[in-house]
Amino acid sequence: MRVTVTLPTVEDTHAFGRRLAGLLRAGDLLLLTGPLGAGKTALTQGLGAGLGVRGDITSPTFVIARVHRPDPTRGGTVDLVHADAYRLGDATDPRAEIDDLDLDASVDDSVTVVEWGEGLVEQLVDAHLRVCIDRRDDDTRVVELTPVGGDWAQRLTALG
């Protein structure tokens, strides 16, 4: 099962992220793929808003990973860990660098979103959601959600 959504604007991408956040819970891993500028961070900004976390969501490209704590006044109950493995691709052993981030220490208690993480972080959990984002020439984003194991397929039916 795959779910494909077309998002005409960046605002629609944020809104879809907020909607998707309603399906998430501690222990979830999302792998975001797509070319530079496709909207991976924009989607994560929507996820952060939907999860009610503190602070602005910005690309973690240069810091590699950020933890956004929940803001109870915004309804937040779970951390959002946002990592970007883009700069790790040139490393001799990118999996060792992923291990150094200790994502496994927080994955059970947070929602973990990893940009460019395909082939590097799937082993952290038994099931994950693959989110592929493509940006067309007219700036429309096409998001394809692919559940991998667990109850993701069932949860995605709620997106209707």
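Keep in mind that this is a model prediction, so the values were computed, not measured.

> How would you explain helix α1 (residues 10–21) if you had to name every residue and give the values?
When the terminal C-alpha atoms of α1 are compared, their 17 Å separation across 12 residues agrees well with the 16 Å that a helix rising 1.5 Å per residue should span. Three or more residues of α1 are buried, namely Thr13, Phe16, Gly17, Leu20 and Ala21. One face of α1 carries all of its buried residues, which in axial projection span an arc of 140°. The secondary structure elements touched by the buried residues of α1 are β1 (3–7), β2 (29–33), α2 (40–51), β6 (128–135), β7 (141–148) and α5 (152–156).

> Explain the pairing of strand β4 (residues 79–84) residue by residue, including any values.
For β4, the tally of buried residues reaches 6 of 6 residues, placing the bulk of the element in the interior. A two-sided burial pattern is seen for β4, the buried positions comprising Asp79, Val81 and Ala83 on one face and Leu80, His82 and Asp84 on the other. One ladder, built from 4 bridges, connects strand β3 (residues 65–68) with β4; its direction is antiparallel. The residue of β4 that forms the bridge with His68 is Leu80. Inspection of the sheet shows β4 paired to strand β5 (residues 110–115) by 6 bridges, in the parallel sense. Note that in β5 the partner of His82 across the bridge is Val113.

Thresholds applied
- Residues numbered from 1 in each chain as written.
- Predicted model: local features only at pLDDT ≥ 70, side-chain atom pairs only at ≥ 80, totals over all residues.
- Heavy atoms only, no water.
- Helix = DSSP H or I, 4+ residues; strand = E, 2+ residues; numbered from the N terminus.
- Expected span 1.5 Å × (residues − 1).
- Buried < 20%, exposed > 50% of the residue type's maximum accessible area, 1.4 Å probe, protein only.
- Arc of directions from axis to C-beta.
- Contact = heavy atoms within 4.5 Å.
- Pairing = 2+ DSSP bridges.

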